Amino acid sequence: NMTENTQANELNIQDLALARAVIELATERGTFKANEMANVGALYNKLDAFLKEVEAQAKAAKEGAEAAMAEAPQEDTDGS
């Protein structure tokens, strides 16, 4: 159950990252009209900020888990 939830979340995050990349590519190709740029830019900034926050949380969680894993064997060694 936990694994299914994680995979679903990762897929959603990948979709958002793809949307950000699509906006970047479309902008490089000059796809948007001048009067559309403000809305596109606002959406891009929201996506970018959200994805950076998710990446930071994932990094912190990974580092926390690694730290906990590193501490666990040391406690066992001290105990024996």
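As a starting point, this report considers the structure included with it.

What counts, and where the lines are drawn
Residues numbered from 1 in each chain as written. Predicted model: local features only at pLDDT ≥ 70, side-chain atom pairs only at ≥ 80, totals over all residues. Heavy atoms only, no water. Helix = DSSP H or I, 4+ residues; strand = E, 2+ residues; numbered from the N terminus. Buried < 20%, exposed > 50% of the residue type's maximum accessible area, 1.4 Å probe, protein only. Areas by Shrake-Rupley, 256 points an atom, 1.4 Å probe, with all protein chains shown as cover. Salt bridge = Lys/Arg side-chain N within 4 Å of Asp/Glu carboxyl O.

## Overview of the overall build of the protein
Scanning the protein from terminus to terminus reveals two helices and zero strands. Per-residue burial over the protein gives 10% buried out of 80 residues. Taken as a whole, the protein presents about 6,600 Å² of accessible surface, with 57% of it coming from carbon and sulfur.

## Description of the pattern of salt bridges
Enumeration over the complete set of coordinates arrives at five salt bridges. Notably, a salt bridge pairs Glu63 with Lys59, separated by 4.0 Å at the nearest N-O pair. Remark: Lys59 and Glu63 occur in helix H2 (residues 37–79); sequence separation between them is four residues, near one turn of the helix. Glu63 sits in the partly exposed class, given a relative accessible area of 43%. Residue Glu66 is joined to Lys62 by a salt bridge in which the shortest nitrogen-to-oxygen separation is 3.4 Å. Of this pair, Glu66 and Lys62 are both found in helix H2, four residues apart, which corresponds to roughly one turn of the helix. Connected via shared salt-bridge partners are Arg20, Asp48, Lys52 and Glu55.

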